[in-house]
Amino acid sequence: METENEISNQSFSKMINIILFGAPGSGKGTQSSLIEQKYNFHHISTGELLREEIAKDSEVGKFAHGFISKGKLVPDDLIIQLLAKKFDELNVVHSNGIILDGFPRTVGQAEALEVLFEERGTHTDLLLDLRVDEEELINRLLLRGQTSGRNDDNMDIIHKRISIYNNQTRPVVDFYEKLGRHVEIDGIGSVEEIFEKISNAIDGVK
Ligand code: AMP
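Residue positions are counted from 1 within each chain, in the order its sequence is given. Two thresholds apply to this predicted model, a pLDDT of at least 70 for residue-level local features and 80 or more for giving and counting side-chain atom pairs, whereas whole-chain, interface and lining totals are computed over all residues. Computation of side-chain values: all heavy atoms of the structure, hydrogens and water removed.

## What about the sheet that holds strand E4 (residues 126-131)?
Following DSSP output, two strands are said to pair if at least two bridges run between them. In this text, helices come from DSSP runs of H or I with a minimum length of four residues, and strands from runs of E with a minimum of two, each type numbered from the N-terminal end. One open sheet accounts for five strands, arranged E2-E3-E1-E4-E5; its pairing is parallel. The sheet is open, and its two borders are formed by strand E2 (42-45) and strand E5 (182-186), each paired with just one other strand. Across the sheet, the mean angle from the axis of one strand to that of its neighbour is 20°, orientation sign disregarded. Two strands pair when backbone bridges link them, and E2 and strand E3 (residues 97-101) are joined in this way by four bridges, in the parallel orientation. Looking across to E3, one finds that Ser45 is bridged to Asp101. Whether two residues are in contact is decided by their heavy atoms: any pair within 4.5 Å suffices. Inter-axis angles, ranging from 0 to 180 degrees, are taken between N-to-C directions of lines fitted to C-alpha atoms, where helices are fitted over the stretch in contact. Against the sheet, helix H3 (residues 46-56) contacts E2 and E3, and its axis sits at roughly 65° relative to E2. The strands touched by helix H9 (residues 171-178) are strand E1 (16-22), E4 and E5; relative to E4, the strand with the most contacts, the crossing angle is about 140°.

What follows is the structure in structure tokens.
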């Protein structure tokens, strides 16, 4: 008979964990939802987690709001704790996998993520790097700002967020490239075309 441990280990080996990486406006949210539906992964957006905390008017939400409204990153410790809590709430070790949207955004977060995964007997399989040029990003975010209700989708803050992406977030790609787990995806084209490229990359891991 299988022990409980053996059963858990079987679940670990089946998990596929994907980081959907890209600048603000690169289509991470849209594509993550499609991946979630097709592969039955948990979609975790750290931006959404923070917006939920703000909506609840929690202490975390009040603290995070000051950073988000200025287009700055919230401190690593806070976001890592929030993510660890979510992993436990969702009991992720017994799932098909995770699609991370908006995390990691610093090399420190990437290192912490791999520790969180290691503690759960798993790791990041793939970082999908959605590439979209800056002009297109700005156009998309300004368009989204007309309906998103997000006060960080305005011209000043968009520029700030893109510059933080270039300086603080982009080095995360090198981290996963060194591990041989980085795949670049052209993020220009129809949602369906891009999703097909993403699906092919995920199917390559399976
Ligand atoms: P997003 O919805 O991913 O565009 O995130 C919106 C905002 O939430 C960002 O501009 C940051 O202020 C904050 N945020 C989301 N995820 C992270 C993260 N991994 N690290 C730091 N700040 C984050």
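What follows picks up the thread again.
## Re the site of the ligand
Lining the immediate environment of the ligand, one finds 16 residues, of which Thr46, Arg51, Lys72, Gly102 and Gln109 sit closest. A distance of 2.8 Å separates a nitrogen atom of the ligand from a polar side-chain atom of Thr46. Here a nitrogen atom of the ligand and a backbone polar atom of Gly102 are 2.9 Å apart. Protein burial of the ligand: of its 480 Å² of free accessible surface, 97% is covered by the chains. When residues in the shell around the ligand are grouped by element, the largest group, four residues, is from H3. Class assignment for the residues of the shell around the ligand results in six nonpolar, four polar and six charged. Near, as used in this document, describes a residue that has one of its heavy atoms within 4 Å of the molecule or strand being considered. Each polar contact in these results corresponds to two N or O atoms within 3.5 Å; when the atoms are within protein, one needs to be able to donate a hydrogen and the other to accept it, and residues that are neighboring in sequence are counted only if both atoms are side-chain atoms. For every accessible area listed, the method is Shrake-Rupley and the probe measures 1.4 Å; residues are considered covered only by the protein chains on display. Gly counts as polar in this scheme, as do all residues outside two lists: the nonpolar Ala, Val, Leu, Ile, Met, Phe, Trp, Tyr, Cys and Pro, and the charged Asp, Glu, Lys and Arg.

## Description of a negative patch on the surface
Patch rule: a residue counts if its relative accessible area is over 30% and it has no salt bridge; like charges are joined within 9 Å, and nonpolar side chains (Val, Leu, Ile, Met, Phe, Trp, Tyr) within 5 Å. Should a side-chain nitrogen of Lys or Arg be within 4 Å of a carboxyl oxygen of Asp or Glu, the pair is scored as a salt bridge. Charge counting treats Lys and Arg as positive and Asp and Glu as negative, with His and both chain ends excluded. Taken as the charge location is NZ of Lys, CZ of Arg, CG of Asp or CD of Glu. Taken together, the side chains of Asp174, Glu177, Glu184 and Asp186 present a region of like negative charge at the surface. You can see Asp174 is positioned in helix H9.

## Quick look at the confidence of the model for the protein
Confidence of the prediction at every residue is given by pLDDT, a number between 0 and 100. Chain-level pLDDT for the protein is 93 on average; 94% of the residues reach the 70-or-more range. Between residues 1-12, whose pLDDT stays under 50, and residues either more than four places distant or in other chains, the model counts ten contacts.

## A closer look at helix H5 (residues 76-90)
Between its first and last C-alpha, H5 extends 21 Å over 15 residues, near the 21 Å set by a 1.5 Å rise per residue. Among all positions in H5, only Leu78, Ile79, Ile80, Leu82, Leu83, Ala84 and Phe87 are buried. In this fold, the buried residues of H5 make contact with E2, H3, helix H4 (59-68), E3 and helix H6 (107-119). One or two positions beyond H5, positive phi appears at Asn91, with a value near 50°. Here, expected helix span is obtained from the residue count minus one, scaled by 1.5 Å. Partly exposed residues are those whose accessible area sits between 20% and 50% of the maximum for their type, while under 20% is buried and over 50% is exposed, using a 1.4 Å probe and protein chains only.

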